[in-house]
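So the chains spell out like this:
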Amino acid sequence: MATTTYTVTGMTCGHCVSSVREEIGKIDGVTGVDVDLATGAVKVDSTTPVTDADIVAAVDEAGYEVAV
């Protein structure tokens, strides 16, 4: 199992958190997504390696950005 943490910008409410969690959760191999609204930290647990590009695309689909 792998765990990776990203910082997502632009989230302001619980709906934002749900959107990000839902989109990342659709990625094959992802088993858990923990989003901290206050810090923007998004912890992704997966059974297989997930590419940064997949995470960036999912966060973009939700309407937010991964901080570089």
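Peer 1: I would appreciate a short explanation of the pairing of strand E1 (residues 2-9) in the present structure.
Peer 2: Along any regular strand, the residues point their side chains to alternate faces of the sheet. Two strands pair when backbone bridges link them, and E1 and strand E3 (residues 41-46) are joined in this way by 6 bridges, in the antiparallel orientation. Counted as the bridge partner of Thr-5 is Lys-43 from E3. One ladder, built from 2 bridges, connects E1 with strand E4 (residues 65-66); its direction is antiparallel. Across the sheet, Thr-9 pairs through a bridge with Glu-65, a residue of E4.

Peer 1: How should I be thinking about the side chain of Ser-46 in this particular structure?
Peer 2: Inspection of the secondary structure puts Ser-46 in strand E3. At a separation of 2.8 Å, a polar atom in the side chain of Ser-46 contacts the main-chain carbonyl oxygen of Thr-48. For Ser-46, the contacting residues outside a window of four places in its chain are Met-1, Ala-2, Gly-29, Val-30 and Thr-31.

Peer 1: What's the story with the environment of His-15 in this structure? I'm lost.
Peer 2: Here His-15 shows up in helix H1 (residues 14-25). Overall, His-15 belongs to the exposed group, its relative accessible area being 58%. The sequence separation of His-15 and Val-68 amounts to 53 residues, and the corresponding C-alpha distance is 23 Å.

Peer 1: Just checking my understanding: could you explain the environment of Lys-26 for this structure?
Peer 2: Its place among the elements puts Lys-26 in the loop between H1 and strand E2 (30-35). For the pair Lys-26 and Ala-57, spaced 31 residues apart in the sequence, the C-alpha separation amounts to 11 Å.

Peer 1: So what exactly am I meant to see when it comes to the pattern of salt bridges here?
Peer 2: A side chain with one charge may pair with a side chain of the opposite charge, provided their charged atoms come close. All told, the structure shown has 1 salt bridge when counted by the stated rule. When the shortest N-O distance is used, the salt bridge between Glu-23 and Lys-26 registers 3.2 Å. The exposure class assigned to Lys-26 is exposed, which follows from its relative accessible area of 54%.

Peer 1: Looking at this model, I keep getting lost on the state of the cysteines. Mind explaining?
Peer 2: What we call a disulfide is simply a covalent bond connecting the sulfur atoms of a pair of cysteines. Tallied over the full model, the rule gives 0 disulfides. For the unlinked cysteine Cys-16, the closest cysteine sulfur is that of Cys-13, found at 3.4 Å.

Peer 1: Looking at this structure, I do not really get the packing of H1 against helix H2 (residues 52-62). What am I missing?
Peer 2: Between two packed helices, what matters for the description is the angle formed by their axes and the separation of those axes. The contact between H1 and H2 brings their axes to 8 Å, and the two run at 140 degrees. Accordingly, the angle class assigned to the pair H1 and H2 is oblique. In this structure, H1 crosses over H2, and the sense of that crossing is right-handed. Contacts between H1 and H2 involve Ser-19, Val-20, Glu-23 and Ile-24 from the first element and Ile-55, Ala-58, Val-59, Glu-61 and Ala-62 from the second. Tallied by class, residues from the contact of H1 with H2 come to 6 nonpolar, 1 polar and 2 charged.

Rules of the game
- Residues numbered from 1 in each chain as written.
- Predicted model: local features only at pLDDT ≥ 70, side-chain atom pairs only at ≥ 80, totals over all residues.
- Heavy atoms only, no water.
- Pairing = 2+ DSSP bridges.
- Helix = DSSP H or I, 4+ residues; strand = E, 2+ residues; numbered from the N terminus.
- Polar contact = N/O pair within 3.5 Å; in protein donor to acceptor, adjacent residues only side chain to side chain.
- Contact = heavy atoms within 4.5 Å.
- Buried < 20%, exposed > 50% of the residue type's maximum accessible area, 1.4 Å probe, protein only.
- Salt bridge = Lys/Arg side-chain N within 4 Å of Asp/Glu carboxyl O.
- Disulfide = S-S within 2.5 Å.
- Axes fitted to C-alpha atoms, helices over the stretch in contact; angles between N-to-C directions.
- Parallel < 35°, antiparallel > 145°, perpendicular 65-115°, else oblique.
- Left-handed = near helix turned anticlockwise from the far one by under 90°.
- Nonpolar A, V, L, I, M, F, W, Y, C, P; charged D, E, K, R; others polar.

Note that all results are geometric; they support no functional claim without further evidence.
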